[in-house]
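Below, each chain spelled out in residue letters.
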Amino acid sequence: MKEHDDNHTYREIYDLLTPRREIKASDGLRRRISTSIADHALRRRRASGLRALAMASVAAAAAIAILLVPGDMSASELLSSALDAMRNERSVEIKIDVRTSPCDNFAYIDAKHPFVPHTLQAIHNDTTIIWRADKGARLACGDGTSCRTWLDGSLGWNISGLSGQKVLDYLAIFLSPYNIIESELNNALQADGSGYEVKRKDDEITLTVHAKAHGDFSNPYMLNKSIAESDNIRRYSFDAKTRILKRASVSIIMPDGSETVILNMRSLSFKPLNASKLCEVPSDIPFIDENGAEKTYGFAGCQPAELAKAVLCAFRDWDTEIIYKVIEPAEAEVFYHNKYKGSRVVSIGEAFSSGLNLNIKFVPYRIVLSNGKIQNGNLAIYLHEDGGWQVTGGL
Amino acid sequence: VEQTVEENLDYLVRFAFYRIGRREDAEDIVHSAIEKLLTRNFSTVKGNALKMYLFRTVNNSCLDFLRHNHPMESTDGIELSDESADEAELYDEAARINSILQQLPERESEIIRMKVVSELTFTEIAAILSISPGTAATRFKLGMDKLRTIYNRLS
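What you see is a predicted model; the values in this text were computed from it and never measured.

A. Molecular detail of the overall build of chain A. Scanning chain A from N- to C-terminus turns up nine helices and 16 strands. Out of the 395 residues in chain A, the part that is buried amounts to 45%. Sequence-distant contacts, at least 24 apart, represent 56% of the contacts inside chain A between residues at least 6 apart.

B. Representation of the overall build of chain B in the model. Helix and strand counts for chain B stand at seven helices and zero strands. Listed N to C, the secondary structure of chain B is α-α-α-α-α-α-α in terms of helices and strands. Here chain B holds 155 residues, and 55% of them are scored as buried. Within chain B, residue pairs in contact and separated by at least 24 positions form 64% of the contacts whose partners lie at least 6 positions apart. Total accessible area computed for chain B in this model is approximately 7300 Å², and 47% of it derives from carbon and sulfur atoms.

C. Up close: the sheet that holds strand β10 (residues 245-253) of chain A. Residues and elements named next belong to chain A. In spatial order, the strands read β7-β8-β9-β10-β11-β1-β2-β3-β4-β5-β6-β12; together these 12 strands make up an open sheet with mixed pairing. Both edges of this open sheet fall to β7 (195-201) and β12 (287-289), since each of them pairs with a single strand only. Neighbour-to-neighbour, the strand axes of this sheet turn through a mean angle of 15°, independent of strand direction. Relative to β10, strand β9 (residues 232-239) is paired through seven bridges, and the arrangement is antiparallel. Residue pairing in the sheet places R235 in a bridge with S249 of β10. Those strands touched by helix α9 (residues 329-340) are β5 (147-151), β6 (155-159) and β12, and its axis lies near 150° from that of β6.

D. Inspection of the sheet that holds strand β16 (residues 389-393) of chain A at higher detail. All names here are of chain A. The strand order across the open sheet formed by four strands is β13-β14-β15-β16, and the pairing between neighbours is antiparallel. Two strands bound the open sheet, and with one partner strand each, they are β13 (344-348) and β16. The average undirected angle you get between the axes of adjacent strands in this sheet is 40°. Both β13 and strand β14 (residues 360-368) contribute to a ladder of four bridges, which runs antiparallel. Note on β14: the bridge partner recorded for V345 is I367.

E. Geometry of the confidence of the model for chain A. Residues and elements named next belong to chain A. For chain A, the mean per-residue pLDDT works out to 79, and 77% of the residues sit at or above 70. Every residue in residues 1-7 scores below 50 in pLDDT, and together they form five contacts with partners more than four places removed in sequence or on other chains. When the criterion is pLDDT under 50, residues 49-72 qualifies, and its contacts beyond four places in sequence or with other chains add up to 21 contacts.

F. Structural view of the packing of aromatic side chains. Enumeration according to the criterion identifies 12 aromatic pairs over all chains in this entry. Ring geometry for Y221 of chain A versus F362 of chain A: centroids 5.0 Å apart, planes at 70°, classification edge-to-face. Taken together, the residues span a long stretch of sequence, with Y221 of chain A in the loop between β8 (204-211) and β9 and F362 of chain A in strand β14 at a distance of 141 residues. Since its relative accessible area comes to 27%, Y221 of chain A is described here as partly exposed. On the basis of relative accessible area, F362 of chain A is assigned to the buried category, the value being 6%. Taking the centre distance of 5.3 Å and the plane angle of 90° together, the rings of F15 of chain B and F55 of chain B count as edge-to-face.

G. Region of interest: the nonpolar core. Grouped together as the largest cluster of nonpolar side chains are 56 residues, with contacts concentrated most on L17 of chain A together with V30, V58, I112 and L147 of chain B. It is helix α1 (residues 2-20) of chain B that provides the largest number of residues to this core, a total of nine residues. Leaving out residues up to four positions away in the same chain, V30 of chain B has contacts with L29 of chain A together with L9, L12, V13, A16 and V58 of chain B. Core analysis: the next-biggest nonpolar cluster, separate from the first, contains 39 residues, W157, Y170, L171 and I173 of chain A among them.

H. Looking closely at empty space enclosed by the protein. Residues and elements named next belong to chain A. A complete count under the given rule lists two cavities of 30 Å³ or more for this structure. A volume near 50 Å³ is recorded for the largest cavity. Lining the largest cavity, in full, are V98, F106, A107, I109, L168, D169, Y170, L171 and I227. By residue class, the composition of the lining of the largest cavity is eight nonpolar, no polar and one charged.

I. Layout of the side chain of Q390 of chain A. Along the chain, the position of Q390 of chain A falls in strand β16. Overall, Q390 of chain A belongs to the buried group, its relative accessible area being 15%.

J. Spotlight on the environment of A332 of chain A. Residue and element names in this part refer to chain A. Positionally, A332 belongs in helix α9. You can call A332 buried: its relative accessible area is 0%. For A332 and W318, which are 14 residues apart along the polypeptide, the C-alpha to C-alpha distance reads 9.8 Å. A332 has contacts with W318, I323, Y324, I327 and H337, leaving out every residue within four places of it along the chain.

K. Here's a closer look at the confidence of the model for chain B. Residues and elements named next belong to chain B. On average, residues of chain B score 81 in pLDDT, and 83% of them are at 70 or above. When pLDDT is averaged over each helix and strand of chain B, the minimum, 79, is found for helix α4 (residues 82-101) and the maximum, 91, for helix α5 (residues 106-117). Within the model, pLDDT remains below 50 along residues 73-81, and this stretch shows nine contacts once partners closer than five positions in the same chain are excluded. At the level of chain-chain contacts, confidence expressed as ipTM amounts to 0.85, with global pTM at 0.56.

L. Molecular detail of the environment of I112 of chain B. With respect to the helices and strands, I112 of chain B occurs in helix α5. Considered as a pair, I112 of chain B and M144 of chain B are 32 residues apart in the sequence and their alpha carbons are 7.5 Å apart. Excluding anything up to four places from it in sequence, I112 of chain B contacts L17 of chain A together with L101, L104, V117, F140, G143, M144 and L147 of chain B.

M. Main features of the packing of α5 of chain B against helix α7 (residues 133-154) of chain B. Residue and element names in this part refer to chain B. Running from N to C, α5 and α7 cross one another at 95°; their axes reach a closest spacing of 8 Å. Looking at the two axes, α5 sits roughly perpendicular to α7. Counting all contacts with α5, which are made through R107, E108, I111, I112, K115 and V116, the residues of α7 involved are A136, R139, F140, L142, G143, M144, K146 and L147. A class-by-class count of the residues in the contact of α5 with α7 yields eight nonpolar, one polar and five charged.

N. Spatial organisation of the packing of helix α3 (residues 48-68) of chain B against helix α6 (residues 122-129) of chain B. Residues and elements named next belong to chain B. Packing of α3 against α6 brings their axes to within 8 Å, and their N-to-C directions diverge by 60°. Overall, the two elements α3 and α6 adopt an arrangement that is oblique. Crossing geometry of α3 relative to α6 is assigned as right-handed. Only E124, A127, I128 and L129 of α6 make contact with α3, whose side of the interface consists of K51, M52, F55, R56 and N59. Tallied by class, the residues present in the contact of α3 with α6 amount to five nonpolar, one polar and three charged.

What counts, and where the lines are drawn
- Residues numbered from 1 in each chain as written.
- Chains lettered and ligands numbered in written order.
- Predicted model: local features only at pLDDT ≥ 70, side-chain atom pairs only at ≥ 80, totals over all residues.
- Heavy atoms only, no water.
- Helix = DSSP H or I, 4+ residues; strand = E, 2+ residues; numbered from the N terminus.
- Buried < 20%, exposed > 50% of the residue type's maximum accessible area, 1.4 Å probe, protein only.
- Contact = heavy atoms within 4.5 Å.
- Areas by Shrake-Rupley, 256 points an atom, 1.4 Å probe, with all protein chains shown as cover.
- Pairing = 2+ DSSP bridges.
- Axes fitted to C-alpha atoms, helices over the stretch in contact; angles between N-to-C directions.
- pLDDT = per-residue confidence, 0-100.
- Phe/Tyr/Trp six-rings, centres within 6.5 Å; stacked < 30°, edge-to-face > 60°.
- Core = buried A, V, L, I, M, F, W, Y, C linked by side-chain atoms within 4.5 Å.
- 1 Å grid on protein atoms, 1.4 Å probe; cavity = no way out; pocket = protein on both sides within 12 Å on 5 of 7 lines; lining within 4 Å.
- Points joined across faces, edges and corners; volume = space filled by probe spheres on them.
- Nonpolar A, V, L, I, M, F, W, Y, C, P; charged D, E, K, R; others polar.
- Parallel < 35°, antiparallel > 145°, perpendicular 65-115°, else oblique.
- Left-handed = near helix turned anticlockwise from the far one by under 90°.

Take a look at the structure:
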């Protein structure tokens, strides 16, 4: 009843705030903008003509190269020129090593884990990117119209949204060198508090970005669990002549102040790739469709600790009336049924938030599994906009 | 750049207009933002970065405008020509929405305005305001809860 009332009231507020009159750009504004664009295009053509003349003596000018790095070159200027150098590359394969678990999601990092090899491949069309990411036990791909991720031999998900951002998180920028540069340039433009340093040594230009962890870490549980949620240093090396990216790495700053390399780019190659190969998905595992209408999860209005207790207690008799309301049924059966059926709750702690997503609450728990083993953890539960809860991790 | 401008022009005008309530000023602000983008030669950047740059610039210009200009007032009781009447209806609609949102702190109302009026996602709002998507979502919920309380009290 409360959920219904809440939705009803929010609906009323949405209706109150939704404009009843549509406004579009006037013809006058469109004309002014067309004129501005034409003026600037003309000026740019004149400038590039002069530049082409100046560069005529440079052999192998496959990319736009600037002969000398000005002493006062800013990060934005460097990145802009690097973008110029790489924007025409259509297919790319990047191999990176990341400290993570092979089956965990692509965003997850852990300094205590060994490096896991990742291969990221992409074909860039004019408007879409066809891509594939492989970290061993977890894979993902996108064809410009849909996006999928799956655990090898287990279960997969059809994901809403066309880009890899939702699945790959930070790693999405590695789908192509263009995205790496674009992402850093975007950060530079936003002046997001990161520090930038550009240096030239011999035939290399290095860009170093010092970034602070994003999120609320009054409880530090999520600190250093993803690159965005860590104090990190991102280093890029470019060929001084061609401005092509040669190396990239990300280090995080540990609580004791030491630096740990968490990501390292092993190789980058521009080679033809087969689009249909990139989009191949296994036919022998089920895929959960997340593309449909917004799902409704249960227990709206419930406190996080109450919810955690209800779900963990439901594991004992595998009460699907409760479990399926907060966990996708296929996920519950494939990932949790065998391990957690028959388990018993020992204690539930106080819920807390940590990191970037304050809609995720973590509830500490201790349970005894059916084999007698004690398991401690923090159940991650996500609060949807409609008030419903979804278990998203911690098991 | 041209494509990004074309795709987002109406949204930018709508964004600015419902912020300041005056078409001419809103269009001037949008035009200036696009001029700035062209002058700074970000033509090699594409996609979402450009779009976010434009929205961020327009948002900042709207804030500057509001600091130096009077808040919107209703056109009730003012005689208008037919053409002006259309514009006045738009003006009154913006004033109506802003009068509701003025009951909230700026940090909450600006996010609700972006989400509900301009139909931006939390990720986009976060990029415009240089905050995390989680913070945007939290402020949105706080503001909506307050409006819900006010609404319930009134009804």
